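# Residue-level structure breakdown
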Amino acid sequence: MCGMPQQPPVRSTRTPPSRPDASMSLLTNVMDHSLDDGYAEAAARKQATGAQGLPKTLRAKLGLAAGLVLAALVVTVGAAQARVAAPVVAKERQELIDRIDRETETADGLEGTVDKLRADVGARQREALRSTGGGSQAELVGILSGATAVHGPGVKLVVDDAKEASSGQAGNPRETSGFSDTGRVRDRDMQRVVNGLWASGAEAVAINGQRLTALSAIRAAGDAILVDNKPLVPPYTVLAVGEGEQLSTRFQDSADGLYLNALQENYGIRTSISVQSDLRLPAAPSVIVRTAQPSAGKTEKGTS
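As a starting point, this report considers the structure included with it. (Residues numbered from 1 in each chain as written. Predicted model: local features only at pLDDT ≥ 70, side-chain atom pairs only at ≥ 80, totals over all residues. Heavy atoms only, no water.)

## Re the sheet that holds strand β4 (residues 218-221)
- Strand order in the open sheet formed by 3 strands is β4-β5-β6, and the pairing between neighbours is antiparallel. Whereas interior strands pair on both sides, the edge strands pair on one side only; in this sheet they are β4 and β6 (230-232). Recorded for the sheet is a direction-independent mean angle of 40° between the axes of neighbouring strands.
- Sheet analysis places strand β5 (residues 224-227) next to β6, joined by 3 bridges and oriented antiparallel. Note that in β6 the partner of V227 across the bridge is K230.
- Together, β4 and β5 form the strand contacts of helix α5 (residues 187-199), whose direction differs from that of β4 by roughly 170°. (Pairing = 2+ DSSP bridges. Helix = DSSP H or I, 4+ residues; strand = E, 2+ residues; numbered from the N terminus. Axes fitted to C-alpha atoms, helices over the stretch in contact; angles between N-to-C directions. Contact = heavy atoms within 4.5 Å.)

## Focus: the packing of helix α6 (residues 244-253) against helix α7 (residues 255-267)
- Orientation of α6 relative to α7, taken along the N-to-C sense of each, is 70°, at an axis distance of 4 Å. The angle between α6 and α7 places the two elements in the roughly perpendicular class. Between α6 and α7, the contacting residues are F251, Q252 and D253 on the first element and A255, D256, G257, L258 and L260 on the second. (Parallel < 35°, antiparallel > 145°, perpendicular 65-115°, else oblique.)

## A closer look at the side chain of D160
- By the secondary structure assignment, D160 is in strand β1 (residues 150-160).
- The residues touching D160, leaving out its near neighbours within four places in the chain, are V185, P234, P235, I269 and R270.

## Digging into the environment of E203
- With respect to the secondary-structure elements, E203 resides in the loop between α5 and β2 (204-207).
- Sequence separation between E203 and G146 is 57 residues, and the spatial gap between their C-alpha atoms is 9.7 Å.
- Setting aside its immediate chain neighbours within four residues, E203 contacts L144, W198 and V241.

## Examining the pattern of salt bridges
- Using the criterion set out here, one finds 4 salt bridges in the structure.
- Linking D160 and R270 is a salt bridge whose minimum nitrogen-to-oxygen distance equals 3.1 Å. Linking D160 in strand β1 with R270 in strand β8 (residues 270-281), this pair joins segments that are 110 residues apart in sequence.
- Judged by its relative accessible area of 17%, D160 is buried.
- For R270, a relative accessible area of 33% translates into the label partly exposed.
- Here R280 makes a salt bridge to D278, at a shortest N to O gap of 4.0 Å.
- Take R280: its relative accessible area is 60%, and that puts it in the exposed class.
- Classification of D278 as partly exposed rests on a relative accessible area of 38%. (Salt bridge = Lys/Arg side-chain N within 4 Å of Asp/Glu carboxyl O. Buried < 20%, exposed > 50% of the residue type's maximum accessible area, 1.4 Å probe, protein only.)

## Details of the sheet that holds strand β7 (residues 236-241)
- Sheet architecture is open: 5 strands sit in the order β3-β2-β7-β1-β8, paired in antiparallel fashion. Each edge of the sheet is formed by a strand with only one pairing partner; in this case those strands are β3 (210-211) and β8.
- Sheet topology note: the β2/β7 ladder contains 4 bridges and is antiparallel. From the neighbouring strand, A204 faces β7, where its bridge partner is V241.

In structure tokens:
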């Protein structure tokens, strides 16, 4: 036995039996884990959202719809209130218009009464002058004071605004009074015209039918020109009784006539002057002297 060679043990080469589905492990893994982690998280979030309420998109739409409904409700309520208040507002507006009309009519009536009283006062003053026995001297005083209507030869001077009044530039001398429209006739322009006519020999002057007296004032109220607090509307027609040709020549050659000509050339103010054979000027509404008193005796020389 010692001499018999020993053979190495024979190792079994048979592999242990494997699982029947070992070759299908990948498919089994796919079936067991059909969703990865991201899908699982999304599914869990969706499930949680479903458990809590409606999706966010649907909730946003419902919120927008609720806001629109609320806005429509507010607009509807406002419109209803406006319809309810409209008759009240219209009634108040009509009452205000009626009140303005009544007050305007009353003011017009009062103004007419004032004009009648002024005319009556003027007539009584003229009658008083005649009754004092002054004769021709009293008539002369009435003419020069404007208390008596007059007629006779003279000149007719028409002054009107420029066709297209333009705004004055900075530093323009016609802007110094606060007016910006250099193409409009101003109160100071009419003052110079009237003073120039008086200085040239006019015996009686009227502007747009308004007789001027020694107490008359030409002023401005905004853009309007006032003569004795009565507004005038352009064109301004100035009638001056005097020696027609001579009066016209003297005025046009005077400083005031040249001033009016400069307004025409530089600012487009329209002027025209013509000699008239017979002009009729009304009497002033009333001439009231509050300060001057007639002297009882001979005129005394004043002391300087």
